[in-house]
Amino acid sequence: MLEISKIHKSFGKSEILKGVTIKIDKGDVVVILGPSGSGKTTLLRCINFLEKADAGEAHFGEMRVNLNTASKKEIQAIRKKTAFVFQNYNLFNNKTALENVTEGLIIGRKIPKAEAIKIGKKALDKVGLREKYDSYPSQLSGGQQQRVGIARAVALNPDIILFDEPTSALDPELVGEVLAVMKNIAKDGTTMLVVTHEMSFAKDVANKVVFMDGGVIVEEGAPKDIFSNPKEERTKQFLRRVLPEDYIYYI
């Protein structure tokens, strides 16, 4: 469904992505792991044109787009097929939860307001916020705000949702509620590309794990292979640091 081919991205003299290629099939839940600075977030942002890649192509079904020279029309076409869930929610503080979800439908997709409200309420119901339609971000917990962000993405009915460390800004006790919502969305067959440090999500929900370091993909495969039998020494080093002690004997 989506193949990102040979993405390069530098900031000044620092090369962040060094020819990354990744393939995602319909219904896949692909988790990208790696240390800070490995290029994970930059990869997501280049896919959705939040950053302009220096080189690379996106193959989206029959559509082929140069990520460096894409026209406005091509960028809009890609963005209609994708939705982005940010680390820090990116909600409008002066709009209710429902308004935050419907804004993109009404303004970006030109959907009539009444229809957008129906879609928005259904999306908020899906993430467990039926009682919070009229609440403003300041009246919501961090976990609830992130669930509004997920509802906003779901409401767009994209081909793929890109998650950029969706639990990293949350207090530990709020992480579980957001991961539970993401698991339910995955069960519905939603295609997802997730940058996260949550190893349990990667092991339990993903059907493919990608380990990045230094701007390249070091290793990729099924979760059971990556977590139980990683082939690359750099992957083993990373997992020894981040996995609970009772998993270390595997590697």
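The notes below deal with the structure included here. In this text the structure is predicted, and so the values were computed from the model without any measurement.

**Thoughts on the layout of surface pockets**
Of the volumes computed, that of the largest pocket is approximately 640 Å³. Residue lining of the largest pocket: 21 residues in total, with Asn48, Arg79, Thr82, Gly104 and Leu156 positioned closest to the centre. When residues of the lining of the largest pocket are assigned to their parent elements, the largest contribution, five residues, is made by helix H3 (residues 97–108). When the residues that make up the lining of the largest pocket are grouped by side-chain class, the tally is eight nonpolar, eight polar and five charged. Roughly 350 Å³ of volume is contained in the second largest pocket. Lining the second largest pocket are 16 residues, with Lys126, Val154, Asn157, Pro158 and Thr190 positioned closest to its centre. Of all the elements in the fold, those that place two or more residues in the lining of the second largest pocket are helix H4 (113–126) and helix H5 (142–155). Residue composition of the lining of the second largest pocket, by class: seven nonpolar, four polar and five charged.

**A look at the pairing of strand S4 (residues 55–60)**
When strand S1 (residues 2–11) meets S4, the two strands line up antiparallel, connected through five bridges. In the strand pairing of S4, glutamate 3 is matched with histidine 59. Note: S4 against strand S5 (residues 63–66), four bridges, orientation antiparallel. Pairing of phenylalanine 60 across the sheet is with methionine 63, part of S5. Here S4 folds back onto S5, and the loop between the two strands holds two residues, one of which, glycine 61, carries a positive phi near 65 degrees.

**Section: the sheet that holds S4**
The strand order across the open sheet formed by four strands is S2-S1-S4-S5, and the pairing between neighbours is antiparallel. The two strands at the open ends of the sheet, each matched to only one other strand, are strand S2 (14–24) and S5. Between one strand axis and the next, the sheet turns through 15 degrees on average, direction left out of account. Relative to S2, S1 runs antiparallel, the two being bridged by eight bridges. By the bridge assignment for S2, lysine 9 is matched with leucine 17. Contacting S1 and S2, helix H1 (residues 40–47) runs over the sheet at an angle of about 115 degrees to S1. Across the sheet, helix H2 (residues 72–81) touches S4 and S5, and the angle it forms with S5 is around 120 degrees.

Conventions used here
Residues numbered from 1 in each chain as written. Predicted model: local features only at pLDDT ≥ 70, side-chain atom pairs only at ≥ 80, totals over all residues. Heavy atoms only, no water. 1 Å grid on protein atoms, 1.4 Å probe; cavity = no way out; pocket = protein on both sides within 12 Å on 5 of 7 lines; lining within 4 Å. Points joined across faces, edges and corners; volume = space filled by probe spheres on them. Helix = DSSP H or I, 4+ residues; strand = E, 2+ residues; numbered from the N terminus. Nonpolar A, V, L, I, M, F, W, Y, C, P; charged D, E, K, R; others polar. Pairing = 2+ DSSP bridges. Axes fitted to C-alpha atoms, helices over the stretch in contact; angles between N-to-C directions. Contact = heavy atoms within 4.5 Å.

None of this, on its own, says anything about what the molecule does.
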